[in-house]
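# An overview of the molecular structure
Given next are the chains, with one letter for each unit.
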Amino acid sequence: MTNLVLNSRDAMPNGGTITIKTDSIVLRENKASRNLGPYVRLSVTDDGNGMPPDVVERVFEPFFTTKPVGEGTGLGLSAILADAKNAGGFVTVDSHVGGGTEICVHWPQVEGTTEPADAGVECVSHPTGGDETILVCDDEAVVVDVVAGLLKTLGYSVICATSPNEAIETVVAHGARISLLLTDVMMPDMNGYELAAEVTRLHPDIRVILTSGNAQDGSAGLADMNGPFEFIQKPAPHDVLARLIRDVLDDRTGIDLSLNVR
Ligand SMILES: Nc1ncnc2c1ncn2[C@@H]1O[C@H](COP(=O)(O)OP(=O)(O)OP(=O)(O)O)[C@@H](O)[C@H]1O
Ligand SMILES: [Mg+2]
């Protein structure tokens, strides 16, 4: 929601009106008939510059931005779409040059109530934050910044590296402190799997999560080098990434080491 409002603000350099609305709707048979049923809708509308069709088409692409370098990561809307999809929802964009923009996030309505559990009933959910130290490695500094920001808000200490060599130097210097390496797969000089192998050779206790925008990087292509490491596709909804990190740190992922036997 903050990102939607910031996008609207950025589209109105001379000021304007931003309208935020929530409502419940029931989508019946229509042109978007794959999304039928009751939804909760959040809409953010502005009367700013609007977007031409070729920009509208690309707004959900990770890293797509029309903002100057350093001002936009291009991850805002792709993360919103990933979060909505993760909950079974979807996002629509209606925008015209000079005519403003309306972005609507839809979440499916859930049957039943969400009464808080009775006191005394054991709660099965686990915390998603922690106080361990995580080493984040990605050759795109802006990605490192975004991920580091998220991890810090979850309570973790974060060390950043923008190359595999920098990550290895950090492990040599501070390895005992580092609980987890979160690394991109495709990087110049060395890929994430090679980095993971080197890091775990130096410090076998360091857990590893690999991440890539390409789902293939988590399976077929690099399978031979694929050690017992977790993989998550970018951009990942923040809560999913937070959950995976906690589970890996707590050994709750049920990794089957036999997968590694050839
Ligand atoms: N309300 C809007 N009005 C006009 N253009 C918009 C609006 N919302 C998004 N856009 C366009 O979509 C692009 C992608 O938006 P997104 O939120 O994903 O990334 P960003 O805003 O560029 O970067 P970040 O969110 O990291 O600051 C923007 O760069 C802009 O061109
Ligand atoms: Mg944005």
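All of the points below concern the structure found in this document. The structure presented is a predicted model; accordingly, all values stated were derived computationally and were not measured. (Residues numbered from 1 in each chain as written. Chains lettered and ligands numbered in written order. Predicted model: local features only at pLDDT ≥ 70, side-chain atom pairs only at ≥ 80, totals over all residues.)

### Remarks on the nonpolar core
Core analysis: the biggest nonpolar cluster contains 29 residues, and Leu 135, Ala 167, Leu 181, Ala 196 and Ile 209 have the highest contact counts within it. Elements with a minimum of two residues in this core: β5 (133-137), α4 (141-153), α5 (164-174), β7 (178-184), α6 (192-202), β8 (207-212) and α7 (238-249). Looking at this core, the element that brings in the most residues is α7, giving five residues. Grouped together as the second largest cluster of nonpolar side chains are eleven residues, Val 59, Leu 77, Ile 80 and Ile 103 included. (Core = buried A, V, L, I, M, F, W, Y, C linked by C-beta atoms within 7 Å. Buried ≥ 20, exposed ≤ 12 C-beta atoms within 10 Å, placed from the backbone. Helix = DSSP H or I, 4+ residues; strand = E, 2+ residues; numbered from the N terminus.)

### Focus on the pairing of strand β6 (residues 157-161)
Here β5 pairs with β6 via five bridges, running parallel. Paired with Cys 137 across the two strands is Ala 161, which belongs to β6. A crossover links β5 with its parallel partner β6, the connecting element being α4, and its sense is right-handed. (Pairing = 2+ DSSP bridges. Right-handed = clockwise from strand over helix to strand, strands pointing away.)

### Overview of the site of ligand 1
Taken together, 22 residues form the shell around ligand 1, and within it Asn 7, Ala 11, Thr 65, Gly 72 and Gly 76 come nearest. Secondary structure elements with two or more residues in the shell around ligand 1: α1 (2-10) and α3 (76-86). Split into classes, the residues belonging to the shell around ligand 1 amount to seven nonpolar, 13 polar and two charged. (Near = placed C-beta within 6 Å. Nonpolar A, V, L, I, M, F, W, Y, C, P; charged D, E, K, R; others polar.)

### Here we look at the sheet that holds β6
Pairing is parallel in the open sheet, where five strands are placed in the order β6-β5-β7-β8-β9. Edge positions in the open sheet fall to β6 and β9 (230-233), since each of these has one partner strand only. Pairwise comparison of adjacent strand axes, ignoring direction, gives a mean angle of 20° for this sheet. This element, α4, spans β5, β6 and β7 of the sheet and lies at about 170° to β6. (Axes fitted to C-alpha atoms, helices over the stretch in contact; angles between N-to-C directions. Contact = placed C-beta atoms within 7 Å.)

### Topic: the environment of Thr 200
Tracing the backbone through its elements, the reader meets Thr 200 in helix α6. The sequence separation of Thr 200 and Gly 175 amounts to 25 residues, and the corresponding C-alpha distance is 9.8 Å. Every residue in contact with Thr 200, bar those within four places of it in the chain, is listed here: Ile 206 and Val 208.

### As for the sheet that holds strand β4 (residues 100-108)
Taking strand neighbours across the sheet as the criterion, the four strands line up as β1-β2-β4-β3 in an open arrangement whose pairing is antiparallel. Two strands bound the open sheet, and with one partner strand each, they are β1 (18-27) and β3 (90-96). Between one strand axis and the next, the sheet turns by 20° as a mean value, whatever way the strands run. Note: strand β2 (residues 37-46) against β4, eight bridges, orientation antiparallel. The residue of β4 that forms the bridge with Thr 45 is Glu 102. Along the sheet, α1 contacts β1, β2 and β4; its crossing angle with β2, the most-contacted strand, is approximately 35°. Of the strands in this sheet, β3 and β4 are in contact with α3, which crosses β3 at around 140°.

In short, shape yes, function no, at least from these values alone.
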